[in-house]
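The lines below spell out each chain.
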Amino acid sequence: AFVPGTRLDRVLRLYEFDHALRMLLLDAIEGVEILVRTQLAYHFALRYGPFDWTRPELFPNFSAVHDDFNHWQIKLQEQTRRSREQKSNEDTVTHCFRKYGDSHDRLPIWMLAEIMDFGSTLSFFRGVETSIRKDVSRSLNQPEELVLSWLLSLNTVRNRCAHHARLWNWQLGIPVKLPNQRKYPEWALPGLSNRYIGSILYICS
């Protein structure tokens, strides 16, 4: 049954608004994603070199119980494989293996970061040692535990956008952490909830 007073034109306007909101957020989240994966690749390579992303001891924050490191590695291998297929035809990836395949059987981390999806980038951030997470988080001027919360929420929102799920009047399953309002008074906004999409819009602004 419809709520009394429901009008099809209002339903259509809400749908069009929600679609526009998803497109805006996808664009904004893309900027955060590129920043984080670029910073991760830079700081990791600076400390360990381009090819040591296959060493589990360099990812102490992964859960051994859930075998997070191996799941991440399998996902990266699959993303690399798809990038080498003719239908994907990622020139940089195919060129790398064509020219350096005799001496290297894996991509350097800065090239791997280019083909990571958001989920793999999130796993990268979660798994590396805390000092690297702090280095990356400084580019966002926030503590690393806050940035981790942001990335978790942005990944959820991005997946909803990609699958055309509703954002209007939707709540986050896990509240996103917001900065300390005394230290960051610009976040002291009336009515800013860490459960609704408004907080995600403010993070991306």
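Numbering of residues begins from 1 in every chain and follows the order in which that chain's sequence is written. The model is predicted, so local features are restricted to residues of pLDDT at least 70 and side-chain atom pairs to those at 80 or more, both for listing and for counting; the totals for chains, interfaces and linings are taken over all residues. Only hydrogens and water are removed before side-chain values are computed, so all heavy atoms of the structure are retained for them.

Draft legend 1. Just the layout of surface pockets, in detail. Think of a 1 Å grid over the protein atoms and nothing else: a 1.4 Å probe that fits but is trapped marks a cavity, an open set flanked by protein within 12 Å on at least five of seven lines marks a pocket, and residues with an atom within 4 Å of a point count as lining. Grid points are joined across faces, edges and corners, and a volume is the space filled by probe spheres set on the points. Quantified by volume, the largest pocket comes out at close to 190 Å³. Taken together, Asn 61, Phe 62, Ser 63, Asp 68, His 71, Trp 72, Ser 123, Arg 126, Arg 133 and Leu 148 form the lining of the largest pocket. Here a strand is any run of E in DSSP of at least two residues, a helix any run of H or I of at least four, and the numbering for each starts at the N terminus. The element contributing the most residues to the lining of the largest pocket is helix α2 (residues 68–84), with 3 residues. Each residue is assigned to one of three groups, with Ala, Val, Leu, Ile, Met, Phe, Trp, Tyr, Cys and Pro labelled nonpolar, Asp, Glu, Lys and Arg labelled charged, and all others, Gly among them, labelled polar. Of the residues contributing to the lining of the largest pocket, the split by class is 3 nonpolar, 4 polar and 3 charged.

Draft legend 2. Looking closely at the packing of aromatic side chains. Between 30 and 60 degrees the pair is tilted, below 30 it is stacked and above 60 it is edge-to-face, where a pair is any two Phe, Tyr or Trp rings, Trp via its six-membered ring, whose centres lie within 6.5 Å. Per the counting criterion, the structure on display carries 13 aromatic pairs. Judged by centre distance (5.8 Å) and plane angle (70 degrees), the rings of Phe 44 and Phe 124 are edge-to-face. One end of the pair, Phe 44, is in helix α1 (residues 8–48); the other, Phe 124, is in helix α5 (residues 118–127), and 80 residues separate them in sequence. For the pair Phe 44 and Phe 124, a shared accessibility class is recorded, and that class is buried. Note on Phe 69 and Trp 72: the rings are 6.4 Å apart at their centroids and 55 degrees apart in plane angle, and the pair reads as tilted. Taken together, the residues span about one helical turn, with Phe 69 and Trp 72 both in helix α2 at a distance of 3 residues. When sorted by exposure, Phe 69 lands in the same class as Trp 72, which is buried. Joined through ring pairs, the aromatic side chains of Phe 44, Tyr 48, Phe 59, Phe 62, Phe 69, Trp 72 and Phe 124 make up one cluster. Between buried and exposed lies partly exposed: a residue is buried under 20% and exposed over 50% of the maximum accessible area for its type, with that area taken using a 1.4 Å probe on protein chains only.

Draft legend 3. Spotlight on helix α7 (residues 144–162). Working rule for helices: expected span equals 1.5 Å times residues minus one. In a regular helix each residue adds 1.5 Å, so 19 residues correspond to 27 Å; α7 covers 26 Å between its end C-alpha atoms and thus fits that length. Along α7, the positions that sit buried rather than exposed are Glu 144, Leu 146, Val 147, Leu 148, Ser 149, Trp 150, Leu 151, Ser 153, Leu 154, Asn 155, Val 157 and Cys 161. Two residues qualify as a contact provided that any one of their heavy atoms is within 4.5 Å of a heavy atom in the partner residue. On its buried face, α7 is in contact with α1, α5, α6 (130–138) and α8 (197–204). The first or second residue beyond α7 is His 164, which carries a positive phi of 60 degrees.

Draft legend 4. Layout of the side chain of Ser 137. Looking at the secondary structure, you find Ser 137 in helix α6. On the basis of relative accessible area, Ser 137 is assigned to the buried category, the value being 0%. Beyond its immediate sequence surroundings of up to four residues, Ser 137 is in contact with Phe 125, Gln 142, Pro 143, Glu 144 and Val 147.

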